[in-house]
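Understanding the architecture of this molecule
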Amino acid sequence: MNIVDKNCHICGVELTPANSFTCPNCQRTDLCILHKGPSSGMCSICLDNFRKRMIYPTFAIISFVILFFSPYIFTRIPMAFLIPMVLLLPFWLMIESARPVVISSKLKKIIFNTLSASIFLVAALIIMRHIVEMKKFIILDSGMSASTFLILGIILLLLGFVYTLSTSLGRLGIVFFNYDYPEEYSILLKKAGRDPEMIGTLKWDLRWITWVNFIYGFFFIYLYMAPSG
């Protein structure tokens, strides 16, 4: 690997044979070892993309089904129960976007962005509820909505069990999802003014998305089983 006159793409440090590496996933050679995952060997860019490929599709699919099939959701559960389930989604997404460190300044931004997204989602739900009450139109039949709730619920629960199994087996050295933290994340955690081990839950790991999959998996199964009003 020729690293003469090359600097790290992220932090700008001068690269040498001793402090550089090749990412096994994207084959990048312009990063220093500060951005290398200690167990996966992947660069922090690939690790971040891996996290986003798990989080954003999950958020998008759950949000789409809740909004698109909301006329049928309203016939099964009261709005007072639905709104907290809706508000949890943008809060989770904002927390994920603020990682790897959630400090006070980021938390204020998270709350503001969550409120902004929640206003849109709640307004959309209220509009859909009025449509249902006025009986102007219903986009899809109830059979399709029930099938969608069942299929999505099963998929989310299965993913939750897979993530749980992966976390449990990881303690035995068996890894399904090889996600780790480069040293740069440890530095960020230390800059936050706290011990990284004490705030480990603020690092991204499978526990967050596992709980999201279980919560909404059971939610959609309940919607499938609940009788229509």
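Preceding this section is the structure that the text describes.
Since this is a predicted model, take the numbers as computed values, not measurements.

This part covers the overall build of the chain. Counting secondary structure elements, the chain contains seven helices and two strands. Starting at the N terminus, the α and β elements of the chain follow one another as β-β-α-α-α-α-α-α-α. Here the chain holds 229 residues, and 44% of them are scored as buried. Sequence separation of at least 24 residues holds for 65% of the intrachain contacts in the chain that already meet a minimum separation of 6.

This next bit is on the packing of helix α1 (residues 44–68) against helix α3 (residues 79–98). It is the contact of α1 with α3, at a shortest axis distance of 11 Å, that shows an interaxial angle of 160°. Classified by the angle their axes make, α1 and α3 are roughly antiparallel. Two packed elements cross with a definite hand, and for α1 against α3 that hand is left-handed. Across the interface between the two elements, Arg-51, Ile-55, Tyr-56, Thr-58, Phe-59, Ile-62, Ser-63 and Ile-66 from α1 touch Leu-82, Val-86, Leu-89, Pro-90, Trp-92, Leu-93, Glu-96 and Ser-97 from α3. Within the contact of α1 with α3, the residues separate by chemical class into 11 nonpolar, three polar and two charged.

Looking now at the nonpolar core. With 33 residues, the main nonpolar core has Ile-62, Ile-66, Leu-82, Tyr-216, Phe-219 and Phe-220 as its most contacted residues. Counting residues in hydrophobic clusters, the runner-up holds 10 residues, among them Leu-31, Cys-32, Cys-43 and Cys-46.

So, on to the packing of aromatic side chains. A complete count under the given rule lists 10 aromatic pairs for this structure. Ring plane angle 55° and centroid distance 6.0 Å describe the contact between Phe-81 and Phe-219, whose orientation is recorded as tilted. With a gap of 138 residues between them, Phe-81 in helix α3 and Phe-219 in helix α7 (residues 206–225) connect regions that are remote in the sequence. Its relative accessible area of 37% is what places Phe-81 among the partly exposed residues. Accessibility expressed as a relative area gives 3% for Phe-219, which makes it buried. For the pair Phe-149 and Phe-220, a centre-to-centre distance of 6.1 Å together with 20° between the ring planes defines the contact as stacked.

Now for a nonpolar patch on the surface. Together, Leu-88, Phe-91, Trp-211 and Ile-215 line one region of the surface with nonpolar side chains, adding up to about 380 Å² of accessible area. Listed by contribution, the elements that provide at least two residues to the nonpolar patch are α3 and α7. Take Trp-211: it is sitting in helix α7.

With that settled, consider the pattern of salt bridges. Tallying each qualifying case throughout the model produces three salt bridges. The shortest N-O distance in the salt bridge between Asp-48 and Arg-51 comes to 2.9 Å. Highlighted residues: Asp-48 and Arg-51, both in helix α1, separated by three residues, approximately one helical turn. Arg-51 shares its class with Asp-48; the two are buried. Put simply, Asp-48, Arg-51 and Lys-52 are held in one network by salt bridges that share partners.

Tracing the chain through its elements places Phe-218 in helix α7. By relative accessible area, which is 53% here, Phe-218 ends up exposed. Placed 61 residues apart in sequence, Phe-218 and Leu-157 show a C-alpha to C-alpha distance of 7.3 Å.

Each value, and the rule that gives it
Residues numbered from 1 in each chain as written. Predicted model: local features only at pLDDT ≥ 70, side-chain atom pairs only at ≥ 80, totals over all residues. Heavy atoms only, no water. Helix = DSSP H or I, 4+ residues; strand = E, 2+ residues; numbered from the N terminus. Buried < 20%, exposed > 50% of the residue type's maximum accessible area, 1.4 Å probe, protein only. Contact = heavy atoms within 4.5 Å. Axes fitted to C-alpha atoms, helices over the stretch in contact; angles between N-to-C directions. Parallel < 35°, antiparallel > 145°, perpendicular 65-115°, else oblique. Left-handed = near helix turned anticlockwise from the far one by under 90°. Nonpolar A, V, L, I, M, F, W, Y, C, P; charged D, E, K, R; others polar. Core = buried A, V, L, I, M, F, W, Y, C linked by side-chain atoms within 4.5 Å. Phe/Tyr/Trp six-rings, centres within 6.5 Å; stacked < 30°, edge-to-face > 60°. Patch = residues over 30% accessible without salt bridge, like charges linked within 9 Å, V, L, I, M, F, W, Y side chains within 5 Å. Areas by Shrake-Rupley, 256 points an atom, 1.4 Å probe, with all protein chains shown as cover. Salt bridge = Lys/Arg side-chain N within 4 Å of Asp/Glu carboxyl O.

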